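Okay, here's what each chain looks like letter by letter:
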Amino acid sequence: QVQLEESGGGLVQAGGSLRLSCAASGRTFRNSAMAWFRQAPEKAREFVAAISGRGDTTNYADSLKGRFTISRDNAKNTVSLQMSSLKPDDTAVYYCAAKASGNWPDIISDAYHYWGQGTQVTVSS
């Protein structure tokens with residue numbers, strides 16, 4: 001059974017940093033892109049960042065470039081999201097996602113087959 005488990009969420013003040021991690025189990029994703037999405041209250045789920053299977057290509061939401069960094073460790077079957085200069089607008093549930101196959105880091109949620117349960121990030125002003 002494939003599982004993605006996020007960790008690292010929490011409460012942080014505006015301007016602070018958090019690092020989210022996602023641990024995959026049940027199969028390896030070294031040849032598949034992985035991504036982070038987020039969903040704020042009463043808003044649609046939105047793309048945050050994605051990384052190719054080899055980790056050599058990344059995509060970011062334009063509004064988050066320079067503040068968020070996605071990385072992966074294929075030896076540990078994990079993907080991480082380093083978030084800095086956090087703003088109250090970054091408050092959301094953050095989801096880890098992985099493709100069943102395919103190396104390209106798509107920005108469309110439908111491209112991803114596996115999803116974690118999400119981790120809450122709350123940024124206070």
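Quick summary incoming for the structure in this document. (Residues numbered from 1 in each chain as written. Predicted model: local features only at pLDDT ≥ 70, side-chain atom pairs only at ≥ 80, totals over all residues. Heavy atoms only, no water.)

**Remarks on the pattern of salt bridges**
The final tally for this structure, using the stated rule, is six salt bridges. Close ionic contact of Asp62 with Lys65 constitutes a salt bridge, the shortest N to O distance being 3.4 Å. Judged by relative accessible area, Lys65 falls into the exposed class, the value being 52%. (Salt bridge = Lys/Arg side-chain N within 4 Å of Asp/Glu carboxyl O. Buried < 20%, exposed > 50% of the residue type's maximum accessible area, 1.4 Å probe, protein only.)

**A word on the packing of aromatic side chains**
Applying the stated rule across the entire model yields four aromatic pairs. Pairing Phe29 with Tyr114 gives two aromatic rings, centres 5.5 Å apart and planes at 70°, and the pair type is edge-to-face. You can see Phe29 sitting in the loop between strand S3 (18-25) and strand S4 (34-39) and its partner Tyr114 sitting in strand S10 (residues 114-115), a full 85 residues away along the chain. Per residue, the accessibility class of Phe29 equals that of Tyr114, and both read buried. Ring geometry for Phe37 versus Trp115: centroids 5.1 Å apart, planes at 50°, classification tilted. In this pair, Phe37 is assigned in strand S4 and Trp115 in strand S10, connecting sequence segments 78 residues apart. For Phe37, a relative accessible area of 2% puts it in the buried group. What makes Trp115 partly exposed here is its relative accessible area of 26%. One aromatic cluster is present, formed by Phe37, Phe47, Tyr112 and Trp115 through successive ring pairs. (Phe/Tyr/Trp six-rings, centres within 6.5 Å; stacked < 30°, edge-to-face > 60°. Helix = DSSP H or I, 4+ residues; strand = E, 2+ residues; numbered from the N terminus.)

**Here's the deal with the sheet that holds strand S7 (residues 68-73)**
Ordered by their spatial adjacency, four strands build an open sheet running S1-S3-S8-S7, and the pairing between neighbours is antiparallel. Of all strands in the sheet, those bounded by a partner on one side alone are strand S1 (3-7) and S7. On average, each strand axis in the sheet is inclined to that of its neighbour by 15°, with strand direction left out of account. As paired elements, S3 and strand S8 (residues 78-83) share six bridges and run antiparallel to each other. In the sheet register, Leu18 faces S8, and the bridge partner there is Met83. (Pairing = 2+ DSSP bridges. Axes fitted to C-alpha atoms, helices over the stretch in contact; angles between N-to-C directions.)

**Quick look at unusual backbone geometry**
Even without glycine at this site, Asn77 takes up a positive phi of about 60°. Inspection of the secondary structure assignment puts Asn77 in the loop between S7 and S8. Given the relative accessible area of 11%, Asn77 is considered buried. For Ser85, which is not glycine, the phi torsion reads 50° and is therefore positive. Counting through the fold element by element, Ser85 comes out in the loop between S8 and strand S9 (92-98).

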